[in-house]
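Observations on chain architecture
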Amino acid sequence: MIFCLGLFTIPNHSLAQETEESAEVSMENYSDEFQENFFEALKQKGIENYDKAINLLLECKRIDSTNVVVDHELAKAYLEVKRYVLAQEYGIIALNSEPANLWYLATLVNIQQKQGNTIDAINSRIPYDNNQLKENLALIYYKRRHYQKALSILNGIKKSTFVNDLSLKIKDSLEQQDRLRKKRELETTVMEEASPLEQYQSRIVEL
């Protein structure tokens, strides 16, 4: 009886081992296929062959539907071919997966800007209450010289060293803008009051 049971048990054990090894090989192939498609997609995007890049990224998405990096790359690729609705959808998916990611937020801001919108238009679809997201958004606006927008965001979030430092930088930038505006207004007034000859002389000096 023991011998007979052994005849059934041993093959089953071998079969289970073979199945496990087969699964490991399958996962290796799966990983290789994903990597090949992903890096080829980046290559095609680099040479501005966006349609091919998108197809390769969609294949990556089929292989690994949860990979947030693929979502972000799809958002950027669709943005390049002006398919803004799809770009926005993938951008939102990426940001929802990693709300604190500065680059994902910057891409989504770009997509909204191309559509003539701001991030406010999709606040309900992203974790807008996330403090880090708002800090990143303020930083993005500051770097793009949208100082008032950046300041209004900072005024509505929890105070921190980052918030205080960025607020000071924004206020300095606004003061510089104001000084430059007043200087130009004064120069315009002087030019208007000057004689035609003086206007020409002033213009020659500027050139």
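1. Let's talk about the confidence of the model for the chain
Within the chain, residue pLDDT values average 84, and 82% of them lie at 70 or more. Under a pLDDT of 50 for its full length, residues 1-27 has, in the predicted model, one contact with residues more than four places off or in other chains.

2. Focus on the pattern of salt bridges
Summed over the entire model, instances satisfying the criterion amount to eight salt bridges. Across the salt bridge formed by Asp71 and Lys61, the nearest N and O atoms sit 2.5 Å from each other. With Asp71 in helix H3 (residues 68-80) and Lys61 in helix H2 (residues 50-63), this pair connects stretches of sequence that are 10 residues apart. A relative accessible area of 2% means that Asp71 is categorised as buried. Residue Lys61 is classed as buried on the basis of its relative accessible area, which comes to 17%. A salt bridge links Asp178 to Arg181, with the shortest nitrogen-to-oxygen separation between them at 2.4 Å. Taken together, the positions of Asp178 and Arg181, both in helix H8 (residues 161-193) and three residues apart, correspond to about one turn of that helix. On the basis of relative accessibility, which here comes to 28%, the residue Asp178 falls in the partly exposed class. Judged by its relative accessible area of 39%, Arg181 is partly exposed. Bridged by salt links that share partners, the residues Glu33, Glu59 and Arg62 form one connected network.

3. Structural notes on H2
Within an α-helix, residues lying three or four positions from one another point in the same direction, as the helix has 3.6 residues per turn. Its 14 residues give H2 an end-to-end C-alpha distance of 20 Å, which sits within 8% of 20 Å, the value for a rise of 1.5 Å per residue. Buried within H2 are the following residues: Tyr50, Ala53, Ile54, Leu56, Leu57, Cys60, Lys61 and Ile63.

4. With respect to the side chain of Thr107
Relative to the elements of secondary structure, Thr107 occurs in helix H5 (residues 102-114). The contacts of Thr107, once residues within four sequence positions are left out, are His72, Ala75 and Lys76.

5. Comments concerning helix H6 (residues 131-143)
Relative to the 18 Å expected for 13 residues at 1.5 Å per residue, H6 spans 19 Å between its end C-alpha atoms, a close match to the ideal helical length. Regarding H6, the residues found buried are Leu133, Lys134, Glu135, Asn136, Leu137, Ala138, Leu139, Ile140 and Tyr141. The N-capping residue of H6, defined by a side-chain oxygen 2.9 Å from the backbone nitrogen of Gln132, is Asn130. Backbone geometry just downstream of H6 places Arg145 in the positive-phi region, at approximately 65°.

What counts as what
- Residues numbered from 1 in each chain as written.
- Predicted model: local features only at pLDDT ≥ 70, side-chain atom pairs only at ≥ 80, totals over all residues.
- Heavy atoms only, no water.
- pLDDT = per-residue confidence, 0-100.
- Contact = heavy atoms within 4.5 Å.
- Salt bridge = Lys/Arg side-chain N within 4 Å of Asp/Glu carboxyl O.
- Helix = DSSP H or I, 4+ residues; strand = E, 2+ residues; numbered from the N terminus.
- Buried < 20%, exposed > 50% of the residue type's maximum accessible area, 1.4 Å probe, protein only.
- Expected span 1.5 Å × (residues − 1).
- Polar contact = N/O pair within 3.5 Å; in protein donor to acceptor, adjacent residues only side chain to side chain.

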